[in-house]
Amino acid sequence: MANATKPEKKTLDQRRAEHAWQAVQAVNPNKKDQEAKKKFEEFCRQAKKLPVRIIASGLGQALAFLKAKNYAPKLLVALGDWVLDKRINPDSKKPEPDDMALLKAVVEGDAEFLRWATDEVLAYLQWLVRFADAEGSEGSATTD
């Protein structure tokens, strides 16, 4: 018989959602700070474009593009933190990785890691984009 006081574990999808929500909240600005608002809009815009870039060019190319353009470094940090740490170790207290961590892991990893990381990033981005929309991102595409 199940213990009624035992806390239930979260599903993987619930954990993805929680991490994505925290990532969006960490970037979401004070409404009066115009510079922070611009960064939040760019974060959301790039998050919305990233799945198409991954499908068209692959995870490594898409991450390298984001890094080269320096559009949304916090998006790269959130993805790296989820894929390289919190996805595997839910109770991890490690600090967030730098914005190159996931790209380095993709370059140095094998084909199996690349397939797994691609699937995981695409699943994570579904939540991230939804939360960005919920937080009022205008998300219009103005630049590439």
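None of the values given here were measured: they were computed from a predicted structure.

Novice: So, the packing of aromatic side chains: which residues are in play, and what are the values?
Specialist: By the definition in use, this model includes five aromatic pairs. For the ring pair tryptophan 21 and phenylalanine 131, a centre distance of 5.1 Å and an interplane angle of 70° mean the geometry is edge-to-face. Of this pair, tryptophan 21 sits in helix H1 (residues 12-27) while phenylalanine 131 sits in helix H6 (residues 111-134), and the two are 110 residues apart along the sequence. On the basis of relative accessible area, phenylalanine 131 is assigned to the buried category, the value being 17%. An aromatic cluster of at least three residues, connected via ring pairs, comprises Trp21, Trp127 and Phe131.

Novice: Before we move on, can you summarise the packing of helix H4 (residues 73-86) against H6 with the specific residues and values?
Specialist: Relative orientation of the contacting elements H4 and H6 amounts to 120°, with a least axis distance of 10 Å. Between H4 and H6, the angle falls in the class oblique. Of the two elements, H4 crosses H6, and the hand of that crossing is right-handed. Taking contact as the criterion, the partners of Leu75, Ala78, Leu79, Trp82, Val83 and Leu84 in H4 are, on H6, Phe113, Trp116, Ala117, Glu120, Val121, Tyr124, Leu125 and Leu128.

Novice: Tell me about the nonpolar core, residues and numbers included.
Specialist: Counting residues in each nonpolar core, the largest one holds 35 residues, and the members touching the most others are Leu75, Leu79 and Leu128. Breaking this core down by element, the ones donating at least two residues are H1, helix H2 (34-57), helix H3 (59-69), H4, helix H5 (101-108) and H6. If you tally residues by element for this core, the top one is H6, at nine residues. Ignoring anything within four residues of it in the chain, the contact list for leucine 128 reads Ala20, Ala23, Val24, Phe43, Ala47 and Leu75.

Novice: Go over the pattern of salt bridges, please, and point to the residues and values.
Specialist: Applying the stated criterion across every chain yields a total of nine salt bridges. Ionic pairing is found between arginine 16 and aspartate 13, a salt bridge with its closest N-O pair at 3.3 Å. Placement of the pair is arginine 16 and aspartate 13 together in helix H1, with a separation of three residues, close to one helical turn. Of the residues examined, arginine 16 reaches a relative accessible area of 12% and is grouped as buried. Of the charged contacts, one joins aspartate 99 and lysine 67 as a salt bridge, the two residues approaching to 2.9 Å between their closest N and O atoms. Of the two residues, aspartate 99 sits in the loop between H4 and H5 while lysine 67 sits in helix H3, which places them 32 residues apart along the sequence. In this structure, a network of salt bridges that share partners links the residues Asp13, Arg16, Arg87 and Glu120.

Rules of the game
- Residues numbered from 1 in each chain as written.
- Predicted model: local features only at pLDDT ≥ 70, side-chain atom pairs only at ≥ 80, totals over all residues.
- Heavy atoms only, no water.
- Phe/Tyr/Trp six-rings, centres within 6.5 Å; stacked < 30°, edge-to-face > 60°.
- Helix = DSSP H or I, 4+ residues; strand = E, 2+ residues; numbered from the N terminus.
- Buried < 20%, exposed > 50% of the residue type's maximum accessible area, 1.4 Å probe, protein only.
- Axes fitted to C-alpha atoms, helices over the stretch in contact; angles between N-to-C directions.
- Parallel < 35°, antiparallel > 145°, perpendicular 65-115°, else oblique.
- Left-handed = near helix turned anticlockwise from the far one by under 90°.
- Contact = heavy atoms within 4.5 Å.
- Core = buried A, V, L, I, M, F, W, Y, C linked by side-chain atoms within 4.5 Å.
- Salt bridge = Lys/Arg side-chain N within 4 Å of Asp/Glu carboxyl O.

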